[in-house]
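Examining the three-dimensional arrangement
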Amino acid sequence: MKSTTLTVKRCLLLILPVLLFSLFWGCDKIDSEGSYIAKIPIYKTLRDVRASNISIAQPQTMAATGKIYLYNDYLLINEPNKGIHIYDNSNPATPKALGFLPIVGNFDLGVQNDLLYVDNIVDLLTFDISNISKPVLVNRQKDVFAVKYIVDNKPVNVLRDDDPVPVAYRDSLVSFADGREYKPDGQRYLVYENLGNDYTTSNGGGSGGNSVGQAGSLARFAIAENFLFAIFQDKVKNFDLQNARAPKLINEVSLGFGIETLFPFKKSLFVGANNGMHILDISNPTSPKELANYSHAFACDPVVVNDHYAFVTLRTGNVCNGNQNVLEVVDIRDLTAPQLLKSYTLKNPHGLALTGDYLYVCEGQFGLKSFKVSDVNAIDKNIMQNLENLKSFDVIAGPKSLIVFGPEGICQFDYANKANLKQLSCISINQKK
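These figures come from a predicted structure and were not determined experimentally. (Residues numbered from 1 in each chain as written. Predicted model: local features only at pLDDT ≥ 70, side-chain atom pairs only at ≥ 80, totals over all residues. Heavy atoms only, no water.)

It is worth spelling out the pattern of salt bridges at this point. In total, this model carries 15 salt bridges according to the counting rule given. A salt bridge links Lys237 to Glu252; the shortest N-O distance between them is 3.4 Å. Of this pair, Lys237 sits in strand S18 (residues 235-240) while Glu252 sits in strand S19 (residues 248-254), and the two are 15 residues apart along the sequence. Judged by relative accessible area, which is 8%, Lys237 ranks as buried. Residue Glu363 pairs with Lys369 through a salt bridge whose shortest N-O separation is 2.6 Å. (Salt bridge = Lys/Arg side-chain N within 4 Å of Asp/Glu carboxyl O. Helix = DSSP H or I, 4+ residues; strand = E, 2+ residues; numbered from the N terminus. Buried < 20%, exposed > 50% of the residue type's maximum accessible area, 1.4 Å probe, protein only.)

Shown next as C-alpha cells:
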C-alpha cells in the first residue's frame, strides 16, 4: 500500500506542470491507494465556442462570484468561467434578477456608454446593452488573450479553430497508476490563462465625459481615457475604444511577473503586483509609460488612491503566499517617487474602497472594517465600524449603496452615516434568485 505522504507528493508533481488547470485541479480527497478527486475539463472546439449564439437566459442559481460591476442602475455579477448575472439595482433594497448572459471562459468585464466588454476564453467580446434585457453581441476580437498551443509537447504560436478548449469542469476520481497528464484526445490542445484572480472586480477611471461603470479594487479590466486596459500574464494590454463597437488592440506594456490589479485615477493607472505597485502615465493612452515601481513584501496587492495617497492591502493565506497582513499608506504626491508613509497591521485584508475621507477594508473571514483616513498617520485610532460577521472579499462604494461581496453573498448597505452601516439587502450565493 502506498503511503499518503508519497501520494500527495505525486499529486503535486502531476498537477504543477499543467498550466491550464492550475486554478481548477485539486487534491482535496486523496486515498492511500494513489487516487484523488480532481476537476477534469470538458472540451469544445474553439470553432464551436465562437459559433455559439450568446443570448440572455432566465435568472439562474449563482454558485460562485468573481467580479461585481455597477453600471448606472444595473448590477452585473460575474460567475467565473460561466457568464454574467444581471440585476436591476435601481432600488438597492430590492435588487431584481433580470437574466443570465452565458459566456464560457469569462472572468472579467467593463462597461462604457452601454457597451459591455468581456473576455471569452481567448477573445474579447463587445455587447450592446442599451436594452439590457436583450444584450446583442456586436464584435469579437479573436485571440487577443491567447497564450500558446501545445503540439507534440512543444509550444507553437498558431491558433486553429478546431483546437479543443475547456468550457467546464467535472469532478472525477483520478488514479496515479500511469502518471500521465490529462488532456483531450490527440496531441494538440490550447493553453490559456484566465484573467481572474482570487476575488476580482474592475474600476472605471478618467473617462473624458463617457459613462463608465464602477466596481471594486481588484481589477484586471479597467476603462480610462476612452481605452480599455487589461492585464494579461506580465503585460497590460490597451484597446482603443474610439470605435467603441469594435475595440482595437493598440499595444501592451510589459511589467514583469505577478501583476494582478488595475486602478485608474485621473491620468494614471496603478497596477498592483505580487511584489509591488507600478504607476503608469496614461495621459497618452496609446503609449502608456511607467513612472515608478514601488516595492513591497511578496503578497497579493489591491490598491485604491486619491490625490495624495495610495492605500494598499497585503495578506497571507492566498495564491500569492504572502507573509504579512497589513494596510500600507503610500505617499504618491510625486508619482515618480512613491514612498511608504505608514503601515497598519490587520487580520486578513482583501479588497478596499475609498470614498472621500472614508476607507472600507474587507477582512475575508474576519468581516468588514471602516476607517476615517483624514489623518493617515492615525488610521488605527479612527476605526468607525467593525462588522465581524460580514465575510467580505471586495467592496464598491456606489452612489446609492455600499456593495459588499463575500463567499456567502452580495450585500448592500445604506452608508449615508459612514459610521453606522444599515443593511438594505443581500443576494445569496448557492440559492435560487
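The rest of the description comes next.
We now examine the sheet that holds strand S8 (residues 123-128). Read from one edge of the open sheet, four strands run S6-S7-S8-S9, paired in antiparallel fashion. The open sheet has two edge strands, strand S6 (109-112) and strand S9 (136-141), and neither has a second partner. Sheet twist, expressed as the average angle between the axes of neighbouring strands with direction ignored, equals 25°. The sheet contact formed by S6 and strand S7 (residues 115-120) spans four bridges and is antiparallel. Its bridge partner being in S7, Leu109 is matched across the sheet by Val118. (Pairing = 2+ DSSP bridges. Axes fitted to C-alpha atoms, helices over the stretch in contact; angles between N-to-C directions.)

Let us now look at the sheet that holds strand S22 (residues 276-281). The four strands are arranged S20-S21-S22-S23 in an open sheet whose pairing can be described as antiparallel. Each edge of the open sheet carries a strand with a single partner, namely strand S20 (259-265) and strand S23 (289-295). Shown here is a sheet whose adjacent strand axes are inclined to one another by a mean of 20°, direction ignored. Judged from the six bridges that link them, strand S21 (residues 268-273) and S22 form a sheet pairing that is antiparallel. When the sheet's bridge partners are listed, Gly272 is paired in S22 with Met277.

In this section: the environment of Val329. Along the chain, the position of Val329 falls in strand S26 (residues 326-331). Using a relative accessible area of 0% as the deciding quantity, one classes Val329 as buried. Distance from Val329 to His308, taken between C-alpha atoms, is 10.0 Å for residues 21 residues apart in sequence. Discounting chain neighbours no more than four positions away, the residues touching Val329 are Tyr309, Ala310, Phe311, Gln339, Leu340, Leu341, Lys342, Tyr344, Val376 and Ile379. (Contact = heavy atoms within 4.5 Å.)

Counting buried positions along strand S25 (residues 309-314) yields six of six residues, so the element is predominantly enclosed. Covered by surrounding structure in S25 are Tyr309, Phe311 and Thr313 together with Ala310, Val312 and Leu314, the residues of both alternating faces. For strand S24 (residues 303-305) and S25, the ladder comprises three bridges, and the chain directions are antiparallel. Bridging from a neighbouring strand, Val303 pairs with Val312 of S25. Hairpin connection of S24 to S25: three residues between the antiparallel strands.

Before going further, it helps to examine the nonpolar core. Among the nonpolar cores identified, the biggest contains 30 residues, and Leu76, Leu116 and Phe127 are the most heavily contacted of them. Those elements that provide at least two residues to this core are strand S2 (68-71), strand S3 (74-79), strand S4 (83-88), S6, S7, S8 and strand S33 (402-405). For this core, the leading source of residues is S2, giving four residues. Beyond its immediate sequence surroundings of up to four residues, Leu116 is in contact with Leu76, Ile84, Leu101, Leu109, Gly110, Val111, Leu125, Thr126, Phe127 and Ile129. Membership of the second largest hydrophobic core comes to 27 residues, among which are Phe270, Val329, Tyr344 and Val376. (Core = buried A, V, L, I, M, F, W, Y, C linked by side-chain atoms within 4.5 Å.)

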